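# Coordinates in review
One letter stands for each residue in the lines below.
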Amino acid sequence: MVKICCIGAGYVGGPTMAVIALKCPSIEVAVVDISVPRIAAWNSDQLPIYEPGLDGVVKECRGRNLFFSTDVEKHVSEADIVFVSVNTPTKTQGLGAGKAADLTYWESAARVIADVSKSDKIVVEKSTVPVKTAEAIEKILTHNSKGIKYQILSNPEFLAEGTAIKDLFNPDRVLIGGRETPEGQKAIQALKDVYAHWVPEDRILTTNLWSAELSKLAANAFLAQRISSVNAMSALCEATGANITQVAYSVGTDSRIGPKFLNASVGFGGSCFQKGILNLVYICECNGLPEVAEYWKQVIKINDYQKSRFVNRIVSSMFNTVSSKKIAVLGFAFKKDTGDTRETPAIDVCKGLLGDKARLSIYDPQVTEDQIQRDLTMKKFDWDHPLHLQPMSPTTVKQVSVVWDAYEATKDAHGICILTEWDEFKDLDFQRIYKSMQKPAFVFDGRNVVDADKLREIGFIVYAIGKPLDPWLKDMPAVV
Ligand code: UDX
Ligand code: UDX
Ligand code: ADP
């Protein structure tokens, strides 16, 4: 029986291993982590991450051929294939601070593998890491090998949160990079055999190590660039009276461009896009390619611009001050169907409003008060450390209250900001909400989820990203 161990029971490791266990009953899969509460949660009815369909998959396999454990050493030593899916935060100090990946967790995982292995192993790089990490890991392993042979593979994950199970069941492609030696090719084949249990052969692509690593960064950069492109257009739409939904649709019907991933928004978030691009920029700079670095930096600059533009629009519409005004924030997660708040645009928007002394009442169906307070007090880049190593918030933000209902959040508010596209926000009783709010009542829709015309009929002043402006907003031009 083939044994797989995955180091790191996070958003990537957990769902990916659960699906491997489901699709390959003949393989034993152990997911290990240094975080005791995280493993306890994986072994309970309340999984540590919210992902549609995940509960069912875990219930079916847990205890059968899927195990969650803190005994890292035991499971690593028994495994034939070890996936490494640990955090790769952005460095906050030293060389490459603010851009380069901090490989502390990767290195410590590699050292554990080297310490406990008694048989040959295939080590699979699964976290988002910069190009050439595999080589560094290979060096740690071979220099500590005690005669054991390691083959390093890069098998980047392309799943998106909120659709992780769907993406894992039916991936566009599985990418496996390895050494071009006979041993490397054998290792690639072994991993291919795992995925071939359910993924059609022609969707399993094999490349050299560096191409696989770079493809992951490139794919994320291209996706983020699409959003920054459509968001840049959204600013121009507002200035000219064009409608971003119509423009994006017209552009997307060109089969060379395609219709997906063209929704204008308050900005992209998530653990991958910004971090991946910063990494790419760093690699370009290290390789003497400043023009290429500059090109990709612009994607992040537009994303930051989109968030500050949104805040400016709110403040300027409300007579240039939100001081002491209650603002309801609907949605805090970085996208719908997840409780994940890593790099969510809501953090920057809320901080911007708090900077202007607003009082915020925040509602998100999947994000807890603790998490929101931690996000609003944490330093940039600190979020990407294992939970138990994250600094505790020294204080909470007093101007922020977190509530469990959109009606409670909007009661007596001057304005509403919609920052995540949760489906339930489309079905809110806006007539009731309008009655309970201060007047004039504003809605700032950062995700284009509500029917702006209907809301205007009720009496709201509505701002929607990239849409023709209300006369009110035209008279109150945002400082951009
Ligand atoms: C992304 C990649 O899609 C995935 O392939 C990779 O493995 C990890 O990074 P994820 O971050 O989970 O996945 O979510 P994604 O759906 O890509 O959304 C990222 C951000 O872009 C979200 O904040 C989302 O709201 C935003 N977005 C997405 C838009 O603003 N407009 C769009 O049209 C699409
Ligand atoms: C373009 C648009 O495609 C078309 O829709 C519009 O109406 C006019 O502008 P055109 O300039 O005729 O058409 O040719 P196109 O095939 O788009 O190529 C433009 C340039 O891009 C060429 O120099 C081509 O060699 C180059 N190109 C195209 C690449 O370098 N790589 C590619 O993958 C595609
Ligand atoms: P991702 O989104 O890439 O899955 P997460 O932060 O959700 O990232 O998960 C990474 C997990 O890896 C965390 O649960 C963390 O505790 C775990 N981890 C980090 N370093 C180690 C290590 N050396 N050994 C075991 N687990 C680790």
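Note that residues are indexed from 1 along each chain, following the sequence as it is written. Lettering for chains starts from A, numbering for ligands starts from 1, and both go in the order in which the items are written. Whole-chain, interface and lining totals are the exception, using all residues; otherwise, since this is a predicted model, local features are given only for residues with pLDDT of at least 70 and side-chain atom pairs are given and counted only at 80 or more. The basis for the side-chain values is all heavy atoms of the structure; hydrogens and waters are excluded.

## Regarding the UniProt feature "active site" (unreviewed entry) in the protein chain
Defined as follows: UniProt positions are given in the numbering used here, feature names are shortened, and annotations may be inferred rather than shown by experiment. Think of it this way: any DSSP run of H or I at least four residues long counts as a helix, any run of E at least two long counts as a strand, and we number them from the N terminus. Residues count as neighbours in contact if any of their non-hydrogen atoms are within 4.5 Å of one another.
UniProt records the feature "active site" (unreviewed entry) for Cys-272 in the present numbering. Here Cys-272 shows up in the loop between helix H10 (244-252) and helix H11 (273-286). In contact with Cys-272, not counting residues within four places along its chain, are Thr-128, Lys-216 and Asn-220.

## Concerning helix H12 (residues 290-317)
Inclusion rule: One fewer than the residue count of a helix, multiplied by 1.5 Å, yields its expected span.
The terminal C-alpha atoms of H12, which comprises 28 residues, lie 39 Å apart, in line with the 40 Å expected from a rise of 1.5 Å per residue. The first or second residue beyond H12 is Phe-319, which carries a positive phi of 60°.

## Some points on the layout of surface pockets
Where empty space is left can be seen by rolling a probe of water-molecule size over the atoms. How we decide: Of the two site types, the cavity is a set of points on a 1 Å grid over the protein atoms alone where a 1.4 Å probe fits but cannot get out, and the pocket is an open set with protein on both sides within 12 Å along at least five of seven lines, each lined by residues with an atom within 4 Å of a point. Grid points are joined across faces, edges and corners, and a volume is the space filled by probe spheres set on the points. Three classes are used: nonpolar for Ala, Val, Leu, Ile, Met, Phe, Trp, Tyr, Cys and Pro, charged for Asp, Glu, Lys and Arg, and polar for all others, with Gly counted as polar.
A volume near 260 Å³ is recorded for the second largest pocket. Around the second largest pocket sit Asp-80, Asp-120, Lys-121, Ile-122, Lys-149, Tyr-150, Gln-151, Glu-183, Lys-186, Ala-187 and Ala-190, which together line it. Looking at the lining of the second largest pocket element by element, the count peaks at 4 residues for helix H8 (residues 182-195). Each residue belonging to the lining of the second largest pocket can be placed in one class, and the counts come to 4 nonpolar, 1 polar and 6 charged.

## Focus on unusual backbone geometry
In this chain, Lys-439 is followed by Pro-440 through a cis amide linkage whose omega measures -5°. Here the phi dihedral of Lys-357 falls at roughly 70°; this positive angle occurs in a residue that is not glycine. Relative to the helices and strands, Lys-357 resides in the loop between helix H13 (345-355) and strand S10 (359-363).

## A closer look at the sheet that holds strand S12 (residues 415-418)
Selection rule: Strands are treated as partners if at least two bridges between them are detected by DSSP. Inter-axis angles, ranging from 0 to 180 degrees, are taken between N-to-C directions of lines fitted to C-alpha atoms, where helices are fitted over the stretch in contact.
The parallel open sheet is built from 6 strands, whose spatial order is S11-S10-S9-S12-S13-S14. Two strands in the sheet have a free side with no partner beyond their single neighbour: strand S11 (400-402) and strand S14 (461-464). Taken over all neighbouring pairs, the strand axes of this sheet differ in orientation by 20° on average, direction set aside. Across 5 bridges, the pairing between strand S9 (residues 326-330) and S10 is parallel. By the bridge assignment, Lys-326 is partnered in S10 with Arg-359. In the packing of H13 onto the sheet, contacts are made with S9, S10, S11 and S12, and the angle to S10 comes to roughly 155°.

## Observations concerning the environment of Pro-200
Its place among the elements puts Pro-200 in the loop between H8 and strand S8 (204-208). Considered as a pair, Pro-200 and Asn-170 are 30 residues apart in the sequence and their alpha carbons are 9.3 Å apart.

## A closer look at the site of ligand 3
This is how it is decided: The near set for a molecule or strand comprises every residue that places at least one heavy atom within 4 Å of it. Two N or O atoms form a polar contact when they lie within 3.5 Å of each other; inside protein one atom must be a possible hydrogen donor and the other a possible acceptor, and for residues adjacent in sequence the pair counts only when both atoms belong to side chains. The accessible surface values rely on the Shrake-Rupley method and a 1.4 Å probe; as for residues, cover is taken only from the protein chains in view.
Taken together, 17 residues lie around ligand 3, and Val-12, Asp-33, Arg-38, Ser-108 and Arg-342 are the ones closest in. Val-12 places a main-chain nitrogen or oxygen 2.9 Å from an oxygen atom of ligand 3. In isolation ligand 3 exposes 580 Å². Once the protein is present, 93% of that is buried. The leading source of residues in the shell around ligand 3 is helix H5 (residues 104-116), at 3 residues. The residue inventory of the shell around ligand 3, partitioned by class, reads 8 nonpolar, 6 polar and 3 charged.

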